[in-house]
Amino acid sequence: MGNKALWRKAISDARLLLFFLTGLLFCFNWLFVYLSSLIELGPLGAFLQTLPPAFEKLSGVPFSSVATPVGRISAAYVDPVVLFSTTIWAIGRGSDAVSGEIGRGTMEMLVAQPVTRLSVLLTQALVTTLGSAILATAVLLGTSAGLATVSLGEEVSWRPFLPGALNLFAMMFFLAGVSTMVSSTDNFRWRTIGVMGAFYVVQLVFKVIGRLVERFSWLLYLTFGTACEPQALVIDFDQAWTLSLKYDGVLIGIGLACYVVAAIIFCRRDLPAPL
Amino acid sequence: MLVETRALTKIYGPKTALDHCDLEIPHGEVLGLLGPNGAGKTTLLRLLMGYLRPSGGTARIDGLDCYRHSVAVHHRVAYLPGDARLFPQMRGREVLRFFCEVRRDSDLSRALDFAERLELDLTGPVASYSTGMRQKLALAAVLAADTPLLILDEPTANLDPTVRSDVVAIVREAQQAGRTVIFSSHVLDEVEDACSRVCILRKGKLVHTQIMSELLRQHRIRARITGQLPPPPPRLAGEIQIHYDAADAVRIDTPGELSPLLGWLATLPLAEVRIEPFRLRSIYDRFHGAEVQ
């Protein structure tokens, strides 16, 4: 675990993507605050009231809360830019853990050294987790920077956004854990990414159907999307920490279990010759 | 024994990649592994490295089980894979530094010396390296580790003839330094030059072990017959083998010293006599030649 060279390699593998995504998320959230300041709350509230009730059900937050300074900025936390960036990081890093190294043929030389397979996996997982924390912080810092520099008509604190950022971190941890588990069974990174892409879409469909169709509401128990509610955690600040404990606990708990399974599989499996 | 396998077997579904392999390698020996693709050479090496869980039998290095104690085993082994691929985002020098830092028995200055000897430019990123340059870089990284056992899986593949000779010389130097080497190759001349013992694998089975010093004592005499060939004297009859390749062509194989044979040869009605040392090729062809197929 204490091998500095492994740490340096893991950081070197991650730094380019991490640097780019950190910059993107920070700037995007700053910009989002600025753009939100340009939207008048009155017309926004009126517009949201015209939408069919299904939209409100689907969004998971009451529209009356969205038409507030905090509410409109909270939309950034479920914006496709943020969700895709964090998902790319988590799946990209998780898929690289085992099948990425095997696919490139570099696992062969790596595990020929006197290091345990567990330390190879753990170093990679810790750098991914650290990167996830940096990205979540970039989201929060972007929002905070926006709040500090943009006039919204009333003072808005950065504190309500903290549970949302934590929820994004938990989601990244979960997705990275599942990706690492799939990666540990596979020899091709593209296949791992394909499996994770399909998993993500299916989970999203479960969430949509579960929310829209009452008799399929049980599907909400089968999707991580139920515990991934950064916007709701920002808006419902009174309940945020109770919900955060529940949602983030589930995501981090399952993610951790996936990492454990990944470690067991990777430490026991045969390593194929470079393909 | 530094390396010891007992009934070592690896089965992939319906295919037996290695079948009850018994092998002992003492300290200081250079052992050659020969066989065509799919013979089981790489499977044997990967079992020794603990990459694969044996389907049966055991593999031990320095008394340690290769699968269960792979980290302790890797402290004793430097391994060059058959198709060595290195981290493409790193520069050549960074790769050497990485491997020297990841294992404490490795030395960067030694790695750099090997790189210089193999005429390798370390300034560029690995992604821009040719296959041969990557092979040289991997060799420099592996050779820098000061381990009792060196496992080289086709180390000269993709290298030019000059560097191939250097690699064989390096293997000999390793042996002189008291290290044990397992050398897998398709190039019989290199194996002949570098190894003190050779194992031939065929369809997952170890079919023959040849001590090179015994092979080098053997000779083959080819000649054209110009008259009636008399039977060999009793003292040689049990030693030599006479084959008639054609009505007027004879081949005499001698397993040991040539000198007792020379006097008798001079009395025979032979012309165009050629005496050649026995080569590994003739042993290899016994198991993998056209006649076997």
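Each remark here, short or long, concerns the structure printed above.
Right, let's walk through the structure included here. (Residues numbered from 1 in each chain as written. Chains lettered and ligands numbered in written order. Predicted model: local features only at pLDDT ≥ 70, side-chain atom pairs only at ≥ 80, totals over all residues. Heavy atoms only, no water.)

1. A word on the interface of chain A and chain B
Point 1. Contacts between the two partners involve 31 residues from chain A and, on the opposite side, 30 residues from chain B.
Point 2. Of the roughly 2,500 Å² buried between chain A and chain B, counting both surfaces, carbon and sulfur atoms make up 56%.
Point 3. Per-residue buried area on chain A facing chain B is highest for Met 109, Pro 114 and Asp 270 of chain A; these three make up 26% of the total on that side.
Point 4. Along the contact surface separating chain A from chain B lie three salt bridges.
Point 5. The closest approach of N and O atoms between Arg 8 of chain A and Glu 101 of chain B, which form a salt bridge, is 2.1 Å.
Point 6. Across the chain A-chain B interface, the total number found is 17 residue pairs in polar contact (both at pLDDT 80 or more).
Point 7. For the side of chain A that touches chain B, the secondary-structure elements that each account for two or more residues are α1 (4-38), α6 (80-104), α7 (107-110) and α12 (237-268) of chain A.
Point 8. Residue classes in the side of chain A that touches chain B are distributed as 14 nonpolar, seven polar and ten charged. (Contact = heavy atoms within 4.5 Å. Buried area = accessible area lost by both parts, 1.4 Å probe. Salt bridge = Lys/Arg side-chain N within 4 Å of Asp/Glu carboxyl O. Polar contact = N/O pair within 3.5 Å; in protein donor to acceptor, adjacent residues only side chain to side chain. Helix = DSSP H or I, 4+ residues; strand = E, 2+ residues; numbered from the N terminus. Nonpolar A, V, L, I, M, F, W, Y, C, P; charged D, E, K, R; others polar.)

2. Points about the packing of aromatic side chains
All names here are of chain A.
Point 1. Within this structure, the stated rule accounts for 15 aromatic pairs over all chains.
Point 2. Ring plane angle 15 degrees and centroid distance 6.3 Å describe the contact between Phe 199 and Phe 224, whose orientation is recorded as stacked. Of this pair, Phe 199 sits in helix α10 (residues 189-212) while Phe 224 is found in the loop between α10 and α11 (230-235), placing the two residues 25 residues apart along the sequence.
Point 3. These aromatic residues form a ring-pair network of at least three members: Phe 174, Phe 199, Tyr 200 and Phe 224.
Point 4. When the ring centre of Phe 266 is taken as origin, the NZ or CZ atom of Arg 117, which lies over that ring, is 5.8 Å away. (Phe/Tyr/Trp six-rings, centres within 6.5 Å; stacked < 30°, edge-to-face > 60°. Lys NZ or Arg CZ within 6 Å of the ring centre and 35° of its normal.)

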